[in-house]
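Coordinate analysis (summary)
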Amino acid sequence: MKKRQLGNSDLYVSELGLGCMSIGTEEAAARRIIEAALEEGINYFDTADLYDFGVNEKIVGQTLTDVREQVIIATKVGNRWNDERTSWSWDPSKKYIKEAVKNSLKRLGTDYIDLYQLHGGTIEDPVDETIEAFEELKTEGFIRYYGISSIRPNVIKEFVEKSSIVSVMMQYSILDRRPEEVALPLLHEHGISVVTRGPLAKGLLSDKLLDKASEKGYLDYNFEELQAVLPLVKEKVAASRSFTEVALQYNLANPAVASVVAGASSPEQIKRNAAAVRSQPLSFEEVAIIKELTKASIYQQHR
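Here the structure is a predicted model, which means the values were calculated and not measured.

Comments concerning the packing of aromatic side chains
Each pair of aromatic rings is reported with the distance of its centres and the angle of its planes. Taken as a whole, this structure holds three aromatic pairs when the rule is applied. Summarising the aromatic geometry, the rings of Phe 134 and Tyr 146 are spaced 5.0 Å apart at their centres and angled 5° between planes, so their arrangement reads as stacked. Taken together, the positions of Phe 134 in helix H4 (residues 127-140) and Tyr 146 in strand S9 (residues 143-149) put the pair 12 residues apart, joining distant regions of the chain. In this structure, Phe 134 and Tyr 146 share a single accessibility class: buried. An angle of 40° between the planes, with centres 5.9 Å apart, marks the rings of Tyr 172 and Tyr 250 as tilted. Residue Tyr 172 is located in the loop between strand S10 (167-171) and helix H6 (183-189), and its partner Tyr 250 is located in helix H8 (residues 243-252); the two are separated by 78 residues in the primary sequence. An identical accessibility class is assigned to Tyr 172 and Tyr 250; each is buried. An aromatic cluster of three or more residues is present, and its members are Tyr 116, Phe 134 and Tyr 146. Cation over ring: Arg 68 sits above Tyr 112, and NZ or CZ is 4.2 Å from the ring centre.

What follows is the structure, given as structure tokens:
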């Protein structure tokens, strides 16, 4: 599988990453999914301390122990569970970040984290303090690089201007083109990579199409709009290939994107996603057609 450089770092991530949140807590089944990803050439594994109260990190770390030097482990920080584990609160403070990283390292069973990401962010956050925490963790050798997970343009701009982030994780798909307005051009200009999540829009951009549609619609698309747009994209672009291919290749067609992170609940799903990423990239004309078909959405009308 092809790899792309993550920002200006020396990390080269597979074009398809595994979003580990969906692998579950049954260890044997989760290991099979991760091992299938390794077999397909995936080297980028994304988890978070929030997932399954840290159990996700533990399973990911244990499964990757024997190949630790060949993989890139990304995890996240900023959301802290309450004592009862019934809810969590946002804490981007330096004190919490430097405390939480040690717990993540212990669960992952590793001496360092390749990419440590702030798991959210608001414009009211103590950004300078947060950045200071990450920079100190780099100097101390606990993390190699850091990034953020956010779709908020104001938050992203703050980190672009003040920090040495190498990546931003954000939701992006054919049905959610918000990042194209500000974030993707800004990050590409500054040599910061984007790692995308939600590329299949909750299954709407898989070959099941409207089988996954809800009467509530999806983001700015109501159900009737989905009924109109999805078959059109299928007819014009995905007639001779899977919709999954088109969806993942659409993300990879953007020059700011380094890796598309997709979840998987089975080894078979990993194999399908990997095949889609290895497929023929979209042509300039196909990307233009997709944008033309979706640009009349409410997203464009109210941008």
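So that's the structure; there's more coming.
A word on the nonpolar core
If you look at the biggest cluster of nonpolar residues, it comprises 81 residues, and the most contacted ones within it are Leu 18, Ile 23, Phe 45, Tyr 116, Ile 156 and Leu 175. Ranked by size, the runner-up nonpolar core spans 13 residues in total, among them Leu 6, Leu 11, Leu 115 and Val 261.

What to know about the packing of helix H2 (residues 55-63) against helix H3 (residues 94-108)
Viewed as axis vectors pointing N to C, H2 and H3 meet at an angle of 50°, and their least axial separation amounts to 7 Å. Here H2 lies oblique to H3, going by the angle between them. Judged by residue contacts, Glu 57, Lys 58, Gly 61 and Gln 62 of H2 engage Ser 104, Arg 107 and Leu 108 from H3. Residue composition of the contact of H2 with H3, grouped by class: one nonpolar, three polar and three charged.

Some words on unusual backbone geometry
The residue Asp 52 is not glycine, and still its phi comes out positive at about 50°. Looking at where Asp 52 falls in the secondary structure, it is placed in the loop between strand S4 (44-46) and H2. Non-glycine residue Ala 201 carries a positive phi angle of around 50°. Among the structural elements, Ala 201 can be located in the loop between strand S11 (193-197) and helix H7 (223-236). Taking relative accessible area as the criterion, Ala 201 reaches 1% and is therefore assigned buried.

Brief notes about the pattern of salt bridges
Inspection of the entire model under this criterion finds 20 salt bridges. With a shortest N-O distance of 4.0 Å, Glu 35 and Arg 31 are connected by a salt bridge. Of this pair, Glu 35 and Arg 31 both sit in helix H1 (residues 27-39), four residues apart, which is roughly one turn of the helix. You can call Glu 35 partly exposed: its relative accessible area is 34%. Overall, the relative accessible area of 28% leaves Arg 31 in the partly exposed class. A salt bridge links Asp 207 to Lys 234, with the nearest nitrogen and oxygen atoms 3.7 Å apart. Note that Asp 207 is positioned in the loop between S11 and H7 and Lys 234 in helix H7, a separation of 27 residues in sequence. Assessed through its relative accessible area of 26%, Lys 234 is described here as partly exposed. The network of salt bridges with shared partners includes Lys 94, Lys 98, Glu 132, Glu 136 and Glu 140.

Definitions and limits used
- Residues numbered from 1 in each chain as written.
- Predicted model: local features only at pLDDT ≥ 70, side-chain atom pairs only at ≥ 80, totals over all residues.
- Heavy atoms only, no water.
- Phe/Tyr/Trp six-rings, centres within 6.5 Å; stacked < 30°, edge-to-face > 60°.
- Helix = DSSP H or I, 4+ residues; strand = E, 2+ residues; numbered from the N terminus.
- Buried < 20%, exposed > 50% of the residue type's maximum accessible area, 1.4 Å probe, protein only.
- Lys NZ or Arg CZ within 6 Å of the ring centre and 35° of its normal.
- Core = buried A, V, L, I, M, F, W, Y, C linked by side-chain atoms within 4.5 Å.
- Axes fitted to C-alpha atoms, helices over the stretch in contact; angles between N-to-C directions.
- Parallel < 35°, antiparallel > 145°, perpendicular 65-115°, else oblique.
- Contact = heavy atoms within 4.5 Å.
- Nonpolar A, V, L, I, M, F, W, Y, C, P; charged D, E, K, R; others polar.
- Salt bridge = Lys/Arg side-chain N within 4 Å of Asp/Glu carboxyl O.

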